[in-house]
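Summary of the model geometry
Given next are the chains, with one letter for each unit.
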2 protein chains.
Amino acid sequence: MAIIIDGKAIASEIKEEVKQEVEKLEQKYGKKPALAVILVGNNPASEVYVRNKKKNSEEVGINSWQILLDEHTTQQELLTLIGQLNNDNNVNGILVQLPLPSHINENEIINAIDPVKDVDGFHPVNTGKLVIGEDCFIPCTPYGCQELIVRTMPDIKGKHIVIVGRSNIVGKPLANLMVQKNNRANCIVTVCHTATKDIGYYTRQADILVVAVGKANMITKDMVKKGAVVIDVGINRINDPENPGKTKLVGDVKFDEVYEVAHAITPVPGGVGPMTIAMLLKNTVKAFKLQNNIAINE
Amino acid sequence: MAIIIDGKAIASEIKEEVKQEVEKLEQKYGKKPALAVILVGNNPASEVYVRNKKKNSEEVGINSWQILLDEHTTQQELLTLIGQLNNDNNVNGILVQLPLPSHINENEIINAIDPVKDVDGFHPVNTGKLVIGEDCFIPCTPYGCQELIVRTMPDIKGKHIVIVGRSNIVGKPLANLMVQKNNRANCIVTVCHTATKDIGYYTRQADILVVAVGKANMITKDMVKKGAVVIDVGINRINDPENPGKTKLVGDVKFDEVYEVAHAITPVPGGVGPMTIAMLLKNTVKAFKLQNNIAINE
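Further remarks concern the overall build of chain A. The helix and strand tally for chain A stands at 10 helices and 11 strands. Computed over its C-alpha atoms, the radius of gyration of chain A comes to 19 Å, within 12% of the 19 Å expected for a compact globule of 298 residues. For chain A, the spread of C-alpha atoms along the principal axes amounts to about 55 × 45 × 35 Å. Looking at chain A residue by residue over its 298 residues, the buried ones come to 49%. Expressed as a percentage of contacts within chain A between residues at least 6 apart in sequence, the contacts between residues at least 24 apart total 69%.

Here it is in structure tokens:
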């Protein structure tokens with residue numbers, strides 16, 4: 001039976017570290033990191049995420065700005081706001097909650113955020129630096145996956161990580177992160193996706209299997225090598241077979257059966273999800289330090 | 001016996017296309033693309049590369065600027081020059097020949113080039129856009145590899161490409177290029193490297209094998225699947241066993257024996273090498289069009 005990787009507990013530890021760091025920074029420099037989160041429109045899922053970011057920020061002492069904009073906000077209005085936040089020394093991190101309404105060009109908005117305030121790590125400059133191996137903001141979900149992996153498997157040098165899914169927010173940045181030559185990576189990396197005829201051929205080779213597809217229960221027991229570490233990024237709401245009329249959240253991995261062969265596995269919910277927000281808080285502190293010329297390791 | 005992929009002939013075709021395009025642009029707009037190549041110091045290999053870029057540019061009608069600087073040029077002097085070239089409307093592409101002398105910070109220099117003039121595709125903005133799948137300058141060597149691959153294997157969707165080597169100029173950008181969801185890519189991508197214990201385990205799975213390591217003859221026949229397409233990026237000078245006292249150029253792949261099992265293979269020299277410069281010329285024309293608001297497909 002597998003170890004269940006407790007993302008919630010690990011995220012709590014990280015948040016505790018961030019909290020202590022924020023306190024130290026405030027004592028020494030008389031100010032605290034601040035994160036501005038922009039939400040355009042009334043997408044209910046996005047509203048939950050934004051509320052959650054505010055709550056978590058406040059728990060660790062990060063100043064939280066919520067900027068809630070009307071659904072009909074124009075591209076130009078949003079660009080103007082981002083310009084103001086870029087120039088505002090009291091704001092360290094800027095996060096635009098995605099998806100944006102369809103009349104807004106997301107790429108153009110993300111490209112407008114000053115890369116040193118881009119705590120989501122989606123600006124091309126940060127993506128590019130991630131590839132090259134320069135210091136940058138690592139996108140929060142892949143960063144959280146990496147943290148779970150290194151805590152579960154301390155010596156990952158030369159391990160084969162297979163990533164299912166090639167999204168810009170998880171699969172592709174994670175692949176670039178894990179191929180780097182450093183102690184938290186140095187893996188052989190395989191990326192498979194919708195054009196892959198036999199996904200199992202690849203997943204069965206994985207020492208570390210990360211699934212970020214958004215397809216409930218797609219990874220079954222026969223697709224996982226005995227002893228693998230399995231990270232399930234998927235969050236899917238399905239009808240609950242045990243409670244007719246009710247729904248429940250499941251991942252992309254069929255937990256109950258993969259649990260029997262894996263060495264360790266993340267649950268859904270309570271695995272990767274809580275890590276994403278913990279890493280966002282870490283990135284916000286990093287942004288504060290960069291902008292105030294404070295050494296990252298201080 | 002394998003098809004020998006004639007990189008020299010394909011590069012000539014591409015150069016002929018570029019030449020015709022440059023003529024058309026000149027007729028229509030009264031000006032031609034211009035490429036500035038900066039060389040600092042007297043590295044003999046770099047001198048050959050820079051001369052070669054000049055010669056090829058001139059052959060296709062691209063204006064070629066060679067800027068040869070003293071070995072003791074300072075970081076600031078080089079940054080000032082790049083700033084001037086960024087602002088000069090007569091220059092469309094800026095290429096700084098690497099490696100730079102050790103007293104110069106290469107990353108800072110590359111980051112100073114205006115991304116719309118970065119025909120080498122090494123600026124983080126271009127690297128990032130490559131990952132995200134936005135239009136960008138693709139680094140010339142991976143771009144050339146992709147061109148050879150799609151010409152040799154028209155339907156590459158779902159094929160497994162295994163890349164040996166994770167450099168910032170070949171392995172990593174090529175991986176990001178070939179994982180994209182488009183007709184010239186859409187491959188399952190595996191990257192292996194120095195931390196890989198059994199390289200052959202991965203290379204034997206490759207439908208497309210690309211080797212960019214810089215280690216003479218490291219890929220032997222037993223490491224290649226029958227019918228694979230093999231792209232050899234390595235260029236290594238070794239003592240010629242058949243001509244004592246002489247040297248010769250070989251790739252990272254043991255050509256004579258892999259030739260017996262591959263479906264197709266690039267020779268060294270005459271494979272990837274000529275493609276790199278052909279793609280640089282293509283990128284320079286693209287830069288000219290971007291800067292003059294001319295549609296890329298015109």
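Take the sheet that holds strand E3 (residues 63–69) of chain B next. Residues and elements named next belong to chain B. Reading across the sheet, the three strands line up as E3-E2-E4 and stay open at both edges, with parallel pairing between neighbours. Every interior strand has two partners, whereas the edge strands, E3 and strand E4 (93–96), have only one. Pairs of neighbouring strands in the sheet enclose a mean axial angle of 15°, with direction left out of account. Relative to E4, strand E2 (residues 34–40) runs parallel, the two being bridged by four bridges. Along E4, the bridge assignment pairs Val37 with Leu95.

With that out of the way, let us pick up the nonpolar core. Nonpolar side chains tend to gather and get buried jointly when the protein is soluble and globular. In this structure, Val189(A), Val210(A), Val230(A), Val189(B), Val210(B) and Val230(B) are the most contacted members of the largest nonpolar core, which totals 181 residues. With sequence-adjacent residues up to four places away left out, Val210(B) is seen in contact with Cys145(B), Ile161(B), Ile163(B), Leu174(B), Ile231(B) and Val233(B).

So, about the sheet that holds strand E3 (residues 63–69) of chain A. Residue and element names in this part refer to chain A. With parallel pairing, the three strands of this open sheet are ordered in space as E3-E2-E4. In this open sheet, the two strands that pair with only one neighbour each are E3 and strand E4 (93–96). Neighbour to neighbour, the strand axes of the sheet diverge by 15° on average, direction disregarded. Relative to strand E2 (residues 34–40), helix H2 (residues 44–59) is tilted by about 170°, and along the sheet it contacts E2 and E3.

What follows concerns helix H10 (residues 272–291) of chain B. Residue and element names in this part refer to chain B. For H10, which comprises 20 residues, the first-to-last C-alpha distance of 29 Å matches the rise-based estimate of 28 Å (1.5 Å per residue) to within 8%. Of all the 20 residues making up H10, 17 are buried; the element is thus mostly covered by neighbouring parts of the structure. Backbone geometry just after H10 places Asn293 at a positive phi near 55°.

Right, let's get into the relation of the copies chain B and chain A. The transform that puts chain B on chain A rotates by 180° and translates by 0.0 Å along the axis, for an RMSD of 0.0 Å. The transformation just described matches what one would write down for a two-fold rotation axis. Same-surface contact between copies: 100% of interface residues of chain B are shared with the interface of chain A.

A word on the domain arrangement of chain A. Each assigned domain of chain A is listed here: domain 1 (28–114) and domain 2 (140–273). Relative placement of domain 1 of chain A and domain 2 of chain A: their C-alpha centres are 29 Å apart.

Think of an α-helix as 3.6 residues a turn; residues three or four steps apart then line up on the same face. Compared with the 18 Å implied by 1.5 Å per residue over 13 residues, the 18 Å span of helix H6 (residues 140–152) of chain B between its first and last C-alpha is a close match. Of all 13 residues in H6(B), 10 are buried, a share of seventy percent or more.

Looking now at the packing of helix H5 (residues 124–132) of chain A against helix H5 (residues 124–132) of chain B. Remark: H5(A) packs on H5(B), axes separated minimally by 7 Å, with the N-to-C direction vectors making an angle of 90°. As the angle between them shows, H5(A) and H5(B) are arranged roughly perpendicular. Across the interface between the two elements, Pro124(A), Val125(A), Asn126(A), Thr127(A), Gly128(A), Lys129(A), Val131(A) and Ile132(A) of H5(A) pack against Pro124(B), Val125(B), Asn126(B), Thr127(B), Gly128(B), Lys129(B), Val131(B) and Ile132(B) of H5(B).

The partner chain A presents 27 residues to the 27 residues of chain B that form the contact. Counting residues per element, the ones that place at least two in the side of chain B that touches chain A are H5, helix H7 (171–178) and strand E6 (188–192) of chain B. A total of eight residues in the side of chain B that touches chain A trace back to one element, the largest contributor, which is H5(B). Across the side of chain B that touches chain A, the residue classes tally to 11 nonpolar, 10 polar and six charged. Across three bridges, the pairing between strand E6 (residues 188–192) of chain A and E6(B) is antiparallel. Along E6(B), the bridge assignment pairs Val189(A) with Val191(B).

Residue and element names in this part refer to chain A. Tracing the sequence through the fold places Gln97 in the loop between E4 and helix H4 (106–112). On the basis of neighbour count, Gln97 is assigned to the buried category, with 21 C-beta atoms found within 10 Å. Taking the C-alpha atoms as reference points, Gln97 and Val268, 171 residues apart in sequence, are found 22 Å from one another. Apart from the residues lying within four places of it in its own chain, the contact partners of Gln97 are Val37, Ile38, Leu39, Ser46, Tyr49 and Val50.

All names here are of chain A. Two numbers describe how helix H6 (residues 140–152) lies on helix H7 (residues 171–178): the axes approach to 8 Å, and their chain directions differ by 45°. Between H6 and H7, the angle is such that the two are oblique. The way H6 lies across H7 gives a crossing that is right-handed. In this structure, H6 uses Pro142, Cys145 and Gln146 to contact H7, whose residues at the interface are Pro173, Leu174, Leu177 and Met178. Here the contact of H6 with H7 is composed, by residue class, of six nonpolar, one polar and no charged.

Residues and elements named next belong to chain B. In this structure, Pro244 sits in the loop between strand E9 (236–239) and strand E10 (247–250). Overall, the presence of 7 C-beta atoms within 10 Å leaves Pro244 in the exposed class. Separated by 28 residues in the primary sequence, Pro244 and Val272 place their C-alpha atoms 28 Å from one another.

With that settled, consider the pairing of E6(B). All names here are of chain B. The element E6 is extensively covered by neighbouring structure, given that five of its five residues are classed as buried. Residues Ile188, Thr190 and Cys192 of E6 are buried on one face, and the alternating residues Val189 and Val191, pointing to the opposite face, are buried as well. Each parallel crossover has a hand, and for strand E5 (residues 160–164) linked through H7 to E6 it is right-handed.

Reading the values: the criteria
- Residues numbered from 1 in each chain as written.
- Chains lettered and ligands numbered in written order.
- Predicted model: local features only at pLDDT ≥ 70, side-chain atom pairs only at ≥ 80, totals over all residues.
- Helix = DSSP H or I, 4+ residues; strand = E, 2+ residues; numbered from the N terminus.
- Rg over C-alpha atoms; globule rule 2.2 N^0.38 Å.
- Buried ≥ 20, exposed ≤ 12 C-beta atoms within 10 Å, placed from the backbone.
- Contact = placed C-beta atoms within 7 Å.
- Pairing = 2+ DSSP bridges.
- Axes fitted to C-alpha atoms, helices over the stretch in contact; angles between N-to-C directions.
- Core = buried A, V, L, I, M, F, W, Y, C linked by C-beta atoms within 7 Å.
- Expected span 1.5 Å × (residues − 1).
- Least-squares fit on C-alpha atoms with pLDDT ≥ 70 in both.
- Domains from an automatic or database assignment.
- Parallel < 35°, antiparallel > 145°, perpendicular 65-115°, else oblique.
- Nonpolar A, V, L, I, M, F, W, Y, C, P; charged D, E, K, R; others polar.
- Left-handed = near helix turned anticlockwise from the far one by under 90°.
- Right-handed = clockwise from strand over helix to strand, strands pointing away.

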